[in-house]
Amino acid sequence: VDMNGVGTFSRECKTLYVMNVKAINVSDDKVDSTMVKILYEHFGKWGNVEDINYLRSKACCFIKYSHRCWAEFAKEAMIGQSIVGQEVINIK
């Protein structure tokens, strides 16, 4: 079923799109690896994370779980939370 860009019911989605992820204050060469580690710590609580793609320039990341149920549970648990500092993340 094509829903004109809002998703599909025929394909299982296991990836979360997390927005407003602010970088921590460490040396530039360690920011990305440190942020991925922090994201694994926060989102790994809700299930097996297969991959995290952190995009510092866009202040967002994609988090892929091995099962859809874990992605859905993490979305509900983490929406409106902060990762570093006072930012409030948004998840789709």
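The notes below deal with the structure included here. In every chain, residue numbers begin from 1 and rise along the written sequence. Reporting in this predicted model follows two pLDDT cut-offs: at least 70 for local features of residues, and 80 or more for side-chain atom pairs to be given and counted; totals over whole chains, interfaces and linings ignore these cut-offs and use all residues. Hydrogen atoms and water are omitted, and side-chain values are computed over all heavy atoms in the structure.

**Concerning the side chain of E87**
At step 1: Helix and strand labels come from DSSP, where a helix needs a run of H or I of at least four residues and a strand needs a run of E of at least two; each type is numbered from the N terminus. Mapped onto the secondary structure, E87 falls in the loop between α2 (68–78) and β4 (90–91).
At step 2: Burial status follows relative accessibility: with a 1.4 Å probe on protein chains alone, a residue under 20% of its type maximum counts as buried, one over 50% as exposed, and anything between as partly exposed. The charge count includes Lys and Arg as positive and Asp and Glu as negative, but it does not include His or the ends of the chains. Whenever Lys or Arg places a side-chain nitrogen within 4 Å of a carboxyl oxygen from Asp or Glu, that contact is recorded as a salt bridge. An unpaired buried charge is present at E87: no salt bridge exists, and K22, the closest side chain of opposite charge, is 7.9 Å distant.
At step 3: The term polar contact refers here to a pair of N or O atoms within 3.5 Å; inside protein, the definition further demands a hydrogen-donor-capable atom paired with an acceptor-capable atom, and it admits residues adjacent in sequence only when both atoms are side-chain atoms. There is a polar contact of 2.9 Å between the side chain of E87 and the backbone nitrogen of I83.

**Comments concerning the nonpolar core**
At step 1: Each nonpolar core is a collection of buried residues, namely Ala, Val, Leu, Ile, Met, Phe, Trp, Tyr and Cys, held together in the definition by side-chain atoms within 4.5 Å. Grouped together as the largest cluster of nonpolar side chains are 21 residues, with contacts concentrated most on V18 and F43.
At step 2: Listed by contribution, the elements that provide at least two residues to this core are β1 (15–19), α1 (28–43), β2 (49–55), β3 (60–65) and α2.
At step 3: A total of 5 residues in this core trace back to one element, the largest contributor, which is α1.

**So, the pairing of β1**
At step 1: The pairing of β1 with β3 spans 5 bridges and is classified as antiparallel. Across the sheet, residue T15 finds its bridge partner in β3, namely K64.
At step 2: One ladder, built from 2 bridges, connects β1 with β4; its direction is antiparallel. The residue of β4 that forms the bridge with V18 is I91. Pairing between two strands is assigned when DSSP locates at least 2 bridges connecting them.

**A look at the pairing of β2**
At step 1: The pairing of β2 with β3 spans 6 bridges and is antiparallel. Following the sheet pairing, Y54 is matched in β3 by C61.
At step 2: Counted between consecutive antiparallel strands, the loop separating β2 from β3 contains 4 residues, among which A59 sits at a positive phi close to 55 degrees.

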